[in-house]
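Breakdown of the fold
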Amino acid sequence: MEKLDTRIRNHDREIEKMCNFHHQGFVDAINELLKVRADAEKLKVQVTDTNRRFQEAGKEVIAKTEDIIRCRIQQRNIATVVDRLQLCLPALEMYSKLKEQINGKRYYSALKTMDQLEHVYLPKVSQYRFCQIMAENLPKLREEIKDISMSGLKDFLESIRKHSDKIGETAMKQAQQQKTFHAALHRQTNVSYRKPMYIINGHGSEDENGLKSKSPMLEDEETEEEQVLSVQDLVDFTPVYRCLHIYSVLGDKEVFENYYRKQRKKQARLVLQPQSNMHETVEGYRKYFSQIVGFFVVEDHILHVTQGLVTGTYTTELWTMAQSKIIAALRTHSSYCTDPDLVLELKNLIVVFADTLQGYGFPVNRLFDLLYEVRDKYNETLLKKWAGCSGTFSRPTTTAQSQ
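So, here is what we can say about the structure in this document. Note that the structure is predicted; figures quoted are calculated from it, not measured. (Residues numbered from 1 in each chain as written. Predicted model: local features only at pLDDT ≥ 70, side-chain atom pairs only at ≥ 80, totals over all residues. Heavy atoms only, no water.)

On a plain count of helices and strands, the chain comes out with twelve helices and zero strands. Split into buried and exposed, the 403 residues of the chain put 33% on the buried side. Sequence-distant contacts, at least 24 apart, represent 71% of the contacts inside the chain between residues at least 6 apart. Accessible surface computed for the chain: about 25600 Å², of which carbon and sulfur atoms make up 53%. (Helix = DSSP H or I, 4+ residues; strand = E, 2+ residues; numbered from the N terminus. Buried < 20%, exposed > 50% of the residue type's maximum accessible area, 1.4 Å probe, protein only. Contact = heavy atoms within 4.5 Å. Areas by Shrake-Rupley, 256 points an atom, 1.4 Å probe, with all protein chains shown as cover.)

So, in structure tokens, the structure goes:
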């Protein structure tokens, strides 16, 4: 134990020596550490301040960065929209063109545009809602165009009914002038001419070679009457052409043809129904004939300028029916006539009426046969007139038959 105590004391002395040896360095290190502590506090304050200022500056950068990101997104969206608009623009332009054509009443062109829009442009952009709405509106626009064109046709039919007498009067007047001219020319040259085709439908007289010709006498007549009226001058057929084209494009041509023929047959029945007092004046007969001629001149014009709307079979059947009604009406009303002069004027009107329609290719043999009955009626009324005037009479057969 003594040795152990001695050894412990020796180690304690060594420890004390070592501590004494390092004490000054330890003190100096502590002093240095205290100095560094103050600098560390300053550095911490500076770092904190720098961090604060950096965070404040970073907020602006972050805001600018977010703005840039937002702008890039907008630019990308704009580019996408531009691409989609470039894809939709042709369809929008075609739809705008379609609306302009409809507003401008160019319905046939509008149907063509509608067909292109439906089969070419809209399928490319069918995923968009507005294109679907446009596609849904196309059938409605077609029906609207059909209704408008049909309304125009109804107005045309009403107008043509009012103008029939004017057209017929012009045709009969030209037929009479042509007949007088050819009779005079025949007497001068002793040359037979074929039955002329009158100008009311744009046809002129033809020579034996089928070539249209004019003579000095005809030129003089045209000088006196500067403008020769035609069907186109008296009636605007545009509604018929438009409606026919529209229904043809829409695949309803047969519906339109049936409607047109049905309406014209109704008008034919009205035209063929004479007034109850027609037999009283020659103007009643003249108006009756003018309306009928005007009706069939229009049908002849439609027959030659359209394909299938009016057929030769249809006009022949209509004329056959009309001829029967005309003859029946003339027989009935002429039976009430007691004036031989009126009967004679009726005969002349029937001749002009028959010549006019014959010029358009309608068979009029039954009308010419009716003239024999009119001749007998003239003889009868003439005999009654002279019997009433003189009390006694001699039968004026020669005069009556010559008339």
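Structure shown, so let's carry the discussion forward.
To continue, consider the packing of helix H8 (residues 282-305) against helix H10 (residues 340-359). The angle between the axes and the distance between the axes are what describe a pair of packed helices. Axis separation between H8 and H10 bottoms out at 10 Å; the angle between their running directions is 10°. It follows from the interaxial angle that H8 and H10 lie roughly parallel. Note on element contacts: H10 touches H8 through Leu342, Glu345, Leu346, Leu349, Ile350, Phe353, Thr356 and Leu357, opposite Val282, Tyr285, Arg286, Phe289, Ile292, Val293 and Phe296. Of the residues contributing to the contact of H8 with H10, the split by class is twelve nonpolar, one polar and two charged. (Axes fitted to C-alpha atoms, helices over the stretch in contact; angles between N-to-C directions. Parallel < 35°, antiparallel > 145°, perpendicular 65-115°, else oblique. Nonpolar A, V, L, I, M, F, W, Y, C, P; charged D, E, K, R; others polar.)

Counted by the stated rule, this structure contains twelve salt bridges. Close ionic contact of Glu257 with Lys253 constitutes a salt bridge, the shortest N to O distance being 4.0 Å. Linking Glu257 with Lys253, this pair stays in helix H7 (residues 253-272), spanning four residues, or about one helical turn. Glu257 sits in the buried class, given a relative accessible area of 13%. Here Arg264 ties to Glu299 by a salt bridge, and the two come within 2.6 Å at their closest N and O atoms. You can see Arg264 sitting in helix H7 and its partner Glu299 sitting in helix H8, a full 35 residues away along the chain. (Salt bridge = Lys/Arg side-chain N within 4 Å of Asp/Glu carboxyl O.)

Positive phi values are uncommon outside glycine, yet Lys105 reaches one of about 65°. One can find Lys105 in the loop between helix H1 (2-103) and helix H2 (107-121).

Turning our attention to H8. For H8, with 24 residues, the first-to-last C-alpha span of 34 Å sits near the 34 Å given by 1.5 Å per residue. Taking burial as the measure, the 24 residues of H8 include 17 buried ones, the bulk of the element. (Expected span 1.5 Å × (residues − 1).)

Glancing now at the packing of aromatic side chains. Centre distance and the angle of the planes are the two values used to describe a pair of aromatic rings. According to the stated counting rule, one finds twelve aromatic pairs in the structure shown. Ring plane angle 85° and centroid distance 5.2 Å describe the contact between Phe296 and Trp319, whose orientation is recorded as edge-to-face. In this pair, Phe296 sits in helix H8 while Trp319 sits in helix H9 (residues 312-334), placing the two residues 23 residues apart along the sequence. The exposure class assigned to Phe296 is buried, which follows from its relative accessible area of 3%. Positioned above the aromatic ring of Tyr314 is the side chain of Arg261, whose terminal nitrogen or guanidinium carbon lies 5.5 Å from the ring centre. (Phe/Tyr/Trp six-rings, centres within 6.5 Å; stacked < 30°, edge-to-face > 60°. Lys NZ or Arg CZ within 6 Å of the ring centre and 35° of its normal.)

A separate point is the side chain of Gln267. Mapped onto the elements of the fold, Gln267 is located in helix H7. Accessibility expressed as a relative area gives 9% for Gln267, which makes it buried. Within polar-contact distance, the side chain of Gln267 engages the backbone oxygen of Leu157 at 2.8 Å. Setting aside chain neighbours within four positions, we find Gln267 in contact with Leu157, Glu158, Ile160, Arg161 and Phe295. (Polar contact = N/O pair within 3.5 Å; in protein donor to acceptor, adjacent residues only side chain to side chain.)

This next bit is on the nonpolar core. Membership of the largest hydrophobic core comes to 62 residues, with the highest contact counts inside it found for Leu153, Phe289, Phe296, Trp319, Ile326 and Phe353. Secondary-structure elements contributing two or more residues to this core are helix H3 (129-189), helix H6 (238-249), H7, H8, H9, H10 and helix H11 (365-390). At eleven residues, the largest contribution of residues to this core is made by H8. In contact with Ile326, other than residues within four places in its own chain, are Leu272, Tyr288, Ile292, Trp319, Phe353 and Leu367. (Core = buried A, V, L, I, M, F, W, Y, C linked by side-chain atoms within 4.5 Å.)

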